[in-house]
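# Breakdown of the fold
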Amino acid sequence: PYHMINIVDINNLQTIKDALNKTGFFYIPFRESDKQLISELMTHCNQLFSASDEIKLSYPSHSDGLGFVPLNKQRLNKNKNDMRESYSYRIGQVKNNELYNKAVTELSYYAKQIFFKILESLDLNPNDYEEGVMNGFNTLSLAHYPAIKSDIDKQIYGISEHCDWGFITLLSTTENGLQVKINDCWVDVPTLDNHFIVNIGDMLEIISNGKYKSTEHRVLIEKEKYSVILFFESNLDFIVSPHEVSNKYKPIKFGDYINKKITESMNLNQ
């Protein structure tokens, strides 16, 4: 149901608490500047992924998941086919790419504002995390899902069920298909014009000591769709710790965590 996912007001901490206690997902409005930026990125997605396979396979590609990742190369579950191709970018990775640099910079700034408000909703001081997000491992991912109908019996998905790894994720997408798992039921997260879909990742669950959950989600596809995703993450040396002593959550170096996750997902189908 549409009402499962809340629209939050970034300046109203209660709306953030309500959304994150309920699903771990929420909508947040575009800023005025985001409308043009997302439009440009979606146009670029179309050009990027409509190229021939030969051209796409000539794009830079890295073992850490940056650059071009072809269909079904990255699998988040061993026995499931993830029918998504993507191009992922960190600032400075490709010289003189003004659109990518602008997108990472501007979306990271908004994500940081949202992240700090989430910390405030936990009664935490954002200043304590300033060093952790400085030079963070923020990644812009452009994704394309071809028009291959999801088939759960054959284990074919846009992306199979997973949780995100970092602090928060900002998503803008052209078609429905995103679902979040609530009480063992899959609930649709429809696209909403001029709004980002935001969800929290594993590192924020650790910081919150489990108060806010990094919720499992997946993508089903029927129509061709494009997505712009900003993964807002700490720097690789940052030690992520629960904000109070915890039996369940232990401090973890983010670089160790994300390297393990990337290695697992990129090698599952080797």
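This text goes with the structure placed above it.
Here the structure is a predicted model, which is why all the values come from computation and not from measurement.

## Concerning the overall build of the chain
Each helix and strand counted, the chain has seven helices and 16 strands in total. For the chain, the C-alpha radius of gyration of 18 Å lies close to 18 Å, the compact-globule estimate for 270 residues. Taken along its principal axes, the extent of the C-alpha atoms in the chain is 50 × 40 × 40 Å. Of all 270 residues assigned to the chain, the portion counted as buried reaches 55%.

## Points about helix α2 (residues 32–49)
Over its 18 residues, α2 extends 27 Å from the first C-alpha to the last, a length consistent with the 26 Å expected when each residue adds 1.5 Å. Among all positions of α2, only Asp-34, Leu-37, Ile-38, Leu-41, Met-42, Cys-45, Leu-48 and Phe-49 are buried. Buried residues in α2, looked at end-on, bunch into an arc of 140°, giving them a common side. Exposed side of α2, more than 90 degrees from the buried face: Glu-32 and Gln-47 are the residues found there.

## Observations regarding the pairing of strand β14 (residues 225–232)
The side chains of a regular strand alternate, residue by residue, between the two faces of the sheet. Counting buried residues in β14 gives seven out of eight residues, a clear majority hidden from the surface. By the bridge criterion, seven bridges tie strand β6 (residues 139–145) to β14 in an arrangement that is antiparallel. By the bridge assignment for β14, Ala-143 is matched with Ser-227. Of the strand pairs in this sheet, strand β9 (residues 168–173) and β14 are connected by six bridges, and their pairing is antiparallel. Bridge pairing in β14 links Thr-169 to Phe-231.

## Considerations on the nonpolar core
Core analysis: the largest hydrophobic core is formed by 64 residues, its most contacted members being Ile-114, Phe-115, Ile-118 and Ile-168. Counting residues per element, this core draws most heavily on helix α4 (residues 98–121), which supplies 12 residues. Met-4, Phe-25, Tyr-145 and Val-180 belong to the second-largest nonpolar core, a separate cluster that totals 19 residues.

## Some remarks on helix α1 (residues 13–22)
Every buried residue of α1 is accounted for by Thr-15, Ile-16, Ala-19 and Leu-20. Down the axis of α1, the smallest arc covering the buried residues is 120°, so these residues share one side. Looking at the packing, one finds that the buried side of α1 touches β1 (6–7), β2 (25–29), α4 and β12 (195–200). Where α1 begins, the capping side chain belongs to Asn-12, and its oxygen is found 3.0 Å from the backbone nitrogen of Gln-14. Phi turns positive one or two residues past the end of α1, at Gly-24, with a value near 80°.

What counts, and at which threshold
Residues numbered from 1 in each chain as written. Predicted model: local features only at pLDDT ≥ 70, side-chain atom pairs only at ≥ 80, totals over all residues. Heavy atoms only, no water. Helix = DSSP H or I, 4+ residues; strand = E, 2+ residues; numbered from the N terminus. Rg over C-alpha atoms; globule rule 2.2 N^0.38 Å. Buried < 20%, exposed > 50% of the residue type's maximum accessible area, 1.4 Å probe, protein only. Expected span 1.5 Å × (residues − 1). Arc of directions from axis to C-beta. Pairing = 2+ DSSP bridges. Core = buried A, V, L, I, M, F, W, Y, C linked by side-chain atoms within 4.5 Å. Contact = heavy atoms within 4.5 Å. Polar contact = N/O pair within 3.5 Å; in protein donor to acceptor, adjacent residues only side chain to side chain.

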